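Structural overview
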Amino acid sequence: AEEVFFDEHTDASYLTLAPVGSLPGLQMRDASGTSWLDVESGLGGQGAHLIVFIGDFLEVLTNGRYTAARHRVARRLPE
């Protein structure tokens, strides 16, 4: 089971920069849009410290070439 703090959304901005670890439970949709990926575990320990989300304005500006990132904040509840 999960508890969702911020429901699925895109950001209205051009870009959103978020330090990794600043939002525990940050998840984003996979490329197919069918499942959620945990941002921190999805980085595979490659030393990334910042995640960049494409926003709605940039999607419009690029005529859909870059699409706004669907994301949310949720945490898994203990069984």
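For the structure itself, consult the block above.
Just so you know, these numbers come straight off a predicted model, no measurement behind them. Position labels on residues start from 1 in each chain and follow its written sequence. Note on the predicted model: pLDDT of at least 70 is required for a residue's local features to be given, and 80 or more for side-chain atom pairs to be given and counted; whole-chain, interface and lining totals, by contrast, use all residues. As a rule here, side-chain values cover all heavy atoms of the structure and leave hydrogens and water aside.

1. What about the pattern of salt bridges?
The rule for a salt bridge is simple: a side-chain nitrogen of Lys or Arg has to be within 4 Å of a carboxyl oxygen of Asp or Glu. For the structure on display, the rule yields 2 salt bridges. Among the ionic pairs, Arg 29 bridges to Glu 8, the shortest N-O distance being 3.3 Å. Of the two residues, Arg 29 sits in strand E3 (residues 26-29) while Glu 8 sits in strand E1 (residues 2-9), which places them 21 residues apart along the sequence. Among the ionic pairs, Arg 70 bridges to Glu 8, the shortest N-O distance being 2.7 Å. Note that Arg 70 is positioned in the loop between helix H2 (56-61) and strand E6 (71-76) and Glu 8 in strand E1, a separation of 62 residues in sequence. Helix and strand definitions here come from DSSP, where helices need a minimum of 4 consecutive H or I residues and strands a minimum of 2 consecutive E residues; each element is numbered from the N-terminal end.

2. Considering the layout of surface pockets
Cavities and pockets are defined on a 1 Å grid built over the protein atoms alone: a cavity is a set of grid points where a 1.4 Å probe fits but cannot escape, while a pocket is an open set with protein on both sides within 12 Å along at least five of seven lines, and lining residues are those with an atom within 4 Å of any such point. Grid points are joined across faces, edges and corners, and a volume is the space filled by probe spheres set on the points. Considering only enclosed or pocket space, the largest pocket measures out at about 150 Å³ in volume. Around the largest pocket, the lining residues are Met 28, Arg 29, Asp 30, Ala 31, Ile 54, Thr 67, Ala 68, Ala 69 and Arg 70. Of the residues assigned to the lining of the largest pocket, the class counts are 5 nonpolar, 1 polar and 3 charged. Residue polarity is assigned by list, with Asp, Glu, Lys and Arg as charged and Ala, Val, Leu, Ile, Met, Phe, Trp, Tyr, Cys and Pro as nonpolar; anything else, Gly included, falls into the polar class.

3. Remarks on unusual backbone geometry
At Asn 63, a position not held by glycine, the phi torsion is positive, near 55°. Summarising the element assignment, Asn 63 is placed in the loop between H2 and E6. Residue Asn 63 is classed as exposed on the basis of its relative accessible area of 74%. Here the term buried applies to any residue with accessible area under 20% of the maximum for its type, exposed to any over 50%, and partly exposed to those in between, with areas from a 1.4 Å probe on protein chains only.

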